[in-house]
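# Structure assessment
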Amino acid sequence: MNHLNDLTDLKKEDWEKIVNLAIKIYESPSNYSHICDGKILATLFYEPSTRTQMSFQTAMLRLGGNVIGFDNPQNSSVSKGENLADTIRIISGYADAIAMRHPIEGATLAAGQYTNSILINAGDGGHFHPTQTLTDLVTIKKEIGHFDNLTIGLCGDLKHGRTVHSLINLLSRYDNIKFILISTNELRLPDRFKHIIKQGNCSYIEVLSIEEAIAELDVLYMTRIQKERFASEELYNQQKNVYILNCAKLLNAKADLKILHPLPRVDEIALEVDNDERACYFKQAKYGVYARMALIMNFMLQADKEFSTLNGEDLDKHCKNGNCITNHEDYLKKSFINVGGKLYCEYCDNSL
Amino acid sequence: MNHLNDLTDLKKEDWEKIVNLAIKIYESPSNYSHICDGKILATLFYEPSTRTQMSFQTAMLRLGGNVIGFDNPQNSSVSKGENLADTIRIISGYADAIAMRHPIEGATLAAGQYTNSILINAGDGGHFHPTQTLTDLVTIKKEIGHFDNLTIGLCGDLKHGRTVHSLINLLSRYDNIKFILISTNELRLPDRFKHIIKQGNCSYIEVLSIEEAIAELDVLYMTRIQKERFASEELYNQQKNVYILNCAKLLNAKADLKILHPLPRVDEIALEVDNDERACYFKQAKYGVYARMALIMNFMLQADKEFSTLNGEDLDKHCKNGNCITNHEDYLKKSFINVGGKLYCEYCDNSL
Amino acid sequence: MNHLNDLTDLKKEDWEKIVNLAIKIYESPSNYSHICDGKILATLFYEPSTRTQMSFQTAMLRLGGNVIGFDNPQNSSVSKGENLADTIRIISGYADAIAMRHPIEGATLAAGQYTNSILINAGDGGHFHPTQTLTDLVTIKKEIGHFDNLTIGLCGDLKHGRTVHSLINLLSRYDNIKFILISTNELRLPDRFKHIIKQGNCSYIEVLSIEEAIAELDVLYMTRIQKERFASEELYNQQKNVYILNCAKLLNAKADLKILHPLPRVDEIALEVDNDERACYFKQAKYGVYARMALIMNFMLQADKEFSTLNGEDLDKHCKNGNCITNHEDYLKKSFINVGGKLYCEYCDNSL
């Protein structure tokens, strides 16, 4: 395949290959600085995300390639009423690879049916963001050296956090991973991810504060809880400081703890932590460039030119998720997947 | 000349040279991938048009060159009150070539008086858009092999469509072209273009529907009719489907018909047509990159450094077209051309 | 140092080295076209300034490097609440050099404490704009050949003009410079710059019109007076034409006068002057590219990787300038410098 909708679409050995390649590139970048000479990456950002877009641009430039793209749907032909399929087919005539960010869930899977060029999901609404997860994996591998036998704290909004969900999904395929889930009762990890952890022969416990977990952790993955996610203003005022990492809370932490954060942070990590050697989040942002270089290079070296195919059934039903791409681009073939008797939209993974 | 205001400013052999070069580049792109090493193209888009801008960027990058530019007049010095002449003189100090899109008619001719760098009109209001026309010519030449002895259907808003007008202007210089003009009575081709057809020893007929024309056509060039162009809401509802191409209307078409469209389309070609082998509009968008590569390369290889000169007379009169550049930039020398006793503004081609 | 906050932070021989290098690059650009191969410049424009940004982009591309960046704070992570320090640390993981434009004074000095990459101030509010001043110096050196023994007219808003202030600051270090300060009484040069002139053993006189000065001048540096800077509407109407340069006012000027302007101009130089050989402002814009090339190259060839350090004292006080970066990013260490018993904020140079 030369499309990346989500990392979980890849086999374990395939994403490991990309992670290891990222580290090799990091260590000897000049060996890779002409891999994409003469190639063009289009960064189509239907939703602005300067950080992710600049990371992709840097990755392509450091491989010797070039970049076109937009960061503003108002300036694109979309504003003249063009559908996604047309845009993707036309850009496929310009660029060798496309990285697409879209506010609507399932947009990359949809786009993949209209291009046989390299296509990378740079975020589709609240759904997937595989290059962030790849970045997280590269960071753990580079900083710790392995994925097995780790105790990993995940802190913040575990209910909605897409990067947390992806990380659980992938790391549960390793041996003896213990997840410590740190959140409010309202923002606990959804059951389907707990199920994935158990299926993977890994384990988890749930706690309400960083302090309860900190001494055990090899990795602490911080994310933000938005004020509006708390059950009430009162609970927000009571709990907000519980989910902010500061130096005091690190007192009992291991000397080789690694603190990660997908960034941007707002105030969930106190600035004083930045000077702690265990803070890895700025390094993590840098590894993100190498993760994307490895991903682009991996696809560029493959000969295949494929379209995405749908695996589900084209039933005469409509996905109920108003933010699903099938409810925004009506020419798309519907596709539902049957999991244990329940139907899920293949584009956005919501149940019917 | 190293300025392109409109293709009709070139001699037939000159634009044919560019069309043929485009096809040569398409067939062996790697032979041309260092033609513009070290050169810079500025894409100055005073009006957003992501598609055209990305096509120019891709063209320059695939020739080995680089790109600077803007896509938003609000971010440019224009918003601080700078006039077009100053901007062009300054950008000429930065870039080796300029592609300019401007909402006001005559802007490229005006700009050309202030730069001896390469200057390409990427669209000046509703006036000219020569790189689209070049793209159309490359598509016909590549897909059919020649321009003579063709029957060409032009469908949609033939009154206002600038790409239709340019195409007629150029193709009328070939032998035995028959144009079939498909539009509502209100949106018929203006007389001056019918005159051009007759002068060129070509012919035309006017019809009211695609079905009347389809069996004869070698090329069907589709364009959009905007709802507000119909004479009334009632007529819109009666006629709208007449100008939408679908598979049913293609039943009697030739097997080797080529369907073109400048894109973006909204609904004037049904999506089902995309799977028909005669649909060439996505290929056409791709040929557009090669058309622009050939054009840039053609100018880059020329030694001349010229300013545009005006051919008309500087009369003490004002152009009556409110959207003419001479009514927006008051330092410009006026210039009127006498055609058959009638005066036309040289910038926007409107009659006094 | 590999940071440039203001040219006055450099020693005279250091900026002269850069000026001379700019002229060498101008004369043989192809000798320098691979100096930055494989390097990336990030242009972070928190405030749009297309001209300056394109000049930086051109400079980097003409050195063989590449460019990433943004021109719109709304599209950046800033809009998600990220502070400047985090943005700079992350971008330092992507790019080899950063050129930053920011509407708040002291932003570059602040940013410099969080990166050891190359960092160039591309304008921090109304405070510094060192690459414009470098451009002015390159223009004088290239057009006249030396800085000593010149009579330099500075015309316009001398009270607020940051480029005028910088130019005085630097040129006062040369021998026998005479400044003729041309402005309204309300917009006269502030005393501290007059003090700098005297300290440098240079001299100045103040006049109310261009005509009084013109015959003596080797350089006339024009800037704009905004309408709202005049003391009253009445004074505006009386005085406005006094500060507009036209051909009539140039009658008594030297044949080798050089007219400079930082651009964009609005109407402070009549268009008729553009055709006068003494008008250097478009050449000046072009020299700006070479000035930036020399600056980037100079830093790239240095081995040092440094953070900016503060020279002042961290007192328990707040800067009183509401537009100072320390009042917008509250984690910054305060720093005040004692000059003759008075305290000045090191970030924005305002007195306490």
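Described in the following lines is the structure provided in the data block. Note that residues are indexed from 1 along each chain, following the sequence as it is written. Chains and ligands are labelled by the order in which they are written, letters from A for the one and numbers from 1 for the other. The predicted origin of the model limits local features to residues at a pLDDT of at least 70 and limits the giving and counting of side-chain atom pairs to 80 or more, whereas totals for whole chains, interfaces and linings rest on all residues. Side-chain measures were taken over the full set of non-hydrogen atoms in the model, leaving aside hydrogen atoms and water.

### Structural notes on empty space enclosed by the protein
As defined here, a cavity is a set of points on a 1 Å grid over the protein atoms alone where a 1.4 Å probe fits but cannot get out. A pocket is an open set with protein on both sides within 12 Å along at least five of seven lines, and residues line them when an atom is within 4 Å of a point. Grid points are joined across faces, edges and corners, and a volume is the space filled by probe spheres set on the points. Tallying each qualifying case throughout the model produces four cavities of 30 Å³ or more. As a volume, the largest cavity reaches approximately 1100 Å³. Lining of the largest cavity is provided by 43 residues; of these, Q57 of chain A, Q57 and G69 of chain B together with Q57 and G69 of chain C occupy positions nearest its centre.

### A few points about helix α5 (residues 130-144) of chain B
Residue and element names in this part refer to chain B. Relative to the 21 Å expected for 15 residues at 1.5 Å per residue, α5 spans 21 Å between its end C-alpha atoms, a close match to the ideal helical length. Only protein chains enter the accessibility calculation, which uses a 1.4 Å probe; a residue is then buried when its area is under 20% of its type maximum, exposed when over 50%, and partly exposed in between. A run of DSSP states H or I qualifies as a helix once it reaches four residues; a run of E qualifies as a strand once it reaches two. Both are numbered from the N-terminal end. Along α5, the positions that sit buried rather than exposed are P130, T131, Q132, T133, L134, T135, D136, L137, V138, T139, I140 and E143. Where α5 terminates, the next one or two residues include G145, which has phi positive at roughly 105°. What a helix is expected to span follows from its residue count: subtract one and scale by 1.5 Å.

### A closer look at the nonpolar core
Among the buried residues, those of types Ala, Val, Leu, Ile, Met, Phe, Trp, Tyr and Cys that are joined through side-chain atoms within 4.5 Å form a nonpolar core. L44 of chain B together with L154, F179, L220 and I296 of chain C are the most contacted members of the largest nonpolar core, which has 121 residues in total. A total of 14 residues in this core trace back to one element, the largest contributor, which is helix α10 (residues 281-300) of chain C. Note on definitions: a residue-residue contact is assigned when non-hydrogen atoms from the two residues lie within 4.5 Å. The residues contacting F179 of chain C, other than those within four sequence positions of it, are I152, L154, I168, L171, S172, I197, C202, S203, Y204 and I205 of chain C.

### As for the packing of aromatic side chains
Note on ring pairs: Phe, Tyr and Trp rings are taken, using the six-membered ring of Trp, and paired if centres are within 6.5 Å. Classes follow the plane angle, with under 30 degrees stacked, over 60 edge-to-face and the rest tilted. Evaluated as defined, the whole model comprises 21 aromatic pairs over all chains. Each ring, one from Y114 of chain A and one from Y331 of chain A, has its centre 5.9 Å from the other, and the planes form 75°; the classification is edge-to-face. In this pair, Y114 of chain A sits in the loop between α4 (107-112) and β5 (118-124) while Y331 of chain A sits in the loop between α10 (281-300) and β11 (336-339), placing the two residues 217 residues apart along the sequence. Relative to Y287 of chain B, the ring of Y26 of chain B lies with its centre 5.2 Å away and its plane at 70°, an arrangement referred to as edge-to-face. Of this pair, Y26 of chain B sits in helix α1 (residues 12-27) while Y287 of chain B sits in helix α10 (residues 281-300), placing them 261 residues apart in sequence. Judged by its relative accessible area of 28%, Y26 of chain B falls in the partly exposed class. Directly above the aromatic system of Y174 of chain A lies the positively charged group of K12 of chain A, at a separation of 4.2 Å from the ring centroid. Seen from the ring of F56 of chain A, R292 of chain A lies directly overhead, with NZ or CZ sitting 5.0 Å from the centre. Any Lys NZ or Arg CZ found within 6 Å of a ring centre and within 35 degrees of that ring's normal is scored as a charge over the ring.

### Side note on the interface of chain C and chain A
Contact with chain C, which involves 24 residues of that partner, is made by 22 residues of chain A. Buried area adds together the accessible area that both of two parts lose upon being put together, with accessible area traced by a 1.4 Å probe. Between chain C and chain A, roughly 2100 Å² of surface is buried when both sides are summed, and carbon and sulfur atoms account for 55% of that area. Every case where a carboxyl oxygen of Asp or Glu lies within 4 Å of a side-chain nitrogen of Lys or Arg is listed as a salt bridge. One can count four salt bridges joining chain C with chain A. The closest approach of N and O atoms between E82 of chain C and R51 of chain A, which form a salt bridge, is 2.4 Å. Any N or O atom pair separated by 3.5 Å or less is treated as a polar contact, with the protein-specific requirement of one donor-capable and one acceptor-capable atom, and with residues adjacent in sequence counted only for side-chain atom pairs. Our enumeration of links across chain C and chain A arrives at six residue pairs in polar contact (both at pLDDT 80 or more). Broken down by secondary-structure element, the contributors of at least two residues to the side of chain C that touches chain A are β2 (40-45), β3 (66-70) and α3 (84-92) of chain C. Classes in brief: Ala, Val, Leu, Ile, Met, Phe, Trp, Tyr, Cys and Pro nonpolar; Asp, Glu, Lys and Arg charged; the others, Gly included, polar. Of the residues belonging to the side of chain C that touches chain A, the class tally is 10 nonpolar, nine polar and five charged.

### As for the relation of the copies chain C and chain A
It takes a turn of 120° to lay chain C on chain A, together with a shift of 0.0 Å along the axis; the resulting RMSD is 0.0 Å. On the angle and the small slide along the axis, the relation comes out as a three-fold axis. When C-alpha positions in chain C are compared against the rotation axis, the closest is assigned to N66 of chain C, at 5.1 Å. Little of the interface of chain C is mirrored in chain A: 4% of its interface residues are interface residues there too. Overlaid copies result from least-squares superposition on C-alpha atoms, with residues included only where pLDDT is at least 70 in both.

### Re the sheet that holds strand β5 (residues 118-124) of chain C
Residues and elements named next belong to chain C. When DSSP finds at least two bridges between two strands, those strands are taken to pair. Read from one edge of the open sheet, five strands run β1-β5-β4-β2-β3, paired in parallel fashion. Each having just a single partner strand, β1 (3-4) and β3 make up the two edges of the open sheet. Taken together, the two bridges between β1 and β5 define a ladder with parallel strand orientation. By the bridge assignment for β5, L4 is matched with I120.

### So, the pairing of strand β8 (residues 203-207) of chain C
Residue and element names in this part refer to chain C. Pairing analysis gives five bridges linking strand β7 (residues 178-182) to β8, with the strands arranged parallel. Note that in β8 the partner of I182 across the bridge is V207. With respect to chirality, the unit in which β7 leads through helix α7 (residues 191-199) into the neighbouring parallel β8 is right-handed. Here is how to tell: hold the view so the strands point away, follow the path from the first strand over the helix to the second, and if it runs clockwise the crossover is right-handed.

### Some thoughts on the interface of chain B and chain A
Listed by partner, the interface residues are 22 residues for chain B and 25 residues for chain A. Roughly 2100 Å² is buried in total at the junction of chain B and chain A, and carbon and sulfur atoms are behind 55% of that figure. Among the residues of chain B in contact with chain A, R51, M54 and R62 of chain B are the three that bury the most area, contributing 28% of the side total. Counting across the interface, chain B meets chain A through four salt bridges.

### Quick look at the state of the cysteines
Here, two cysteine sulfur atoms that lie within 2.5 Å of each other are counted as a disulfide. For the structure on display, the rule yields zero disulfides over all chains. Free of any disulfide, C280 of chain A has its nearest neighbouring cysteine sulfur in C247 of chain A, separated by 14 Å. Overall, C280 of chain A belongs to the buried group, its relative accessible area being 0%. Left without a disulfide partner, C345 of chain C is nearest to the cysteine sulfur of C324 of chain C, which lies 3.8 Å away.

### Quick notes on the pattern of salt bridges
This structure, assessed with the given rule, holds 48 salt bridges over all chains. Close ionic contact of E143 of chain A with K283 of chain A constitutes a salt bridge, the shortest N to O distance being 3.2 Å. Within this pair, whereas E143 of chain A is found in helix α5 (residues 130-144), its partner K283 of chain A is found in helix α10, the two being separated by 140 residues in sequence. Overall, the relative accessible area of 17% leaves E143 of chain A in the buried class. The exposure class assigned to K283 of chain A is partly exposed, which follows from its relative accessible area of 38%. Note that R89 of chain C is salt-bridged to D86 of chain C, the shortest N-O span being 2.9 Å. One end of the pair is R89 of chain C and the other is D86 of chain C, both in helix α3 and three residues apart, which spans about a single turn.

The analysis is restricted to geometry; functional conclusions fall outside its scope.
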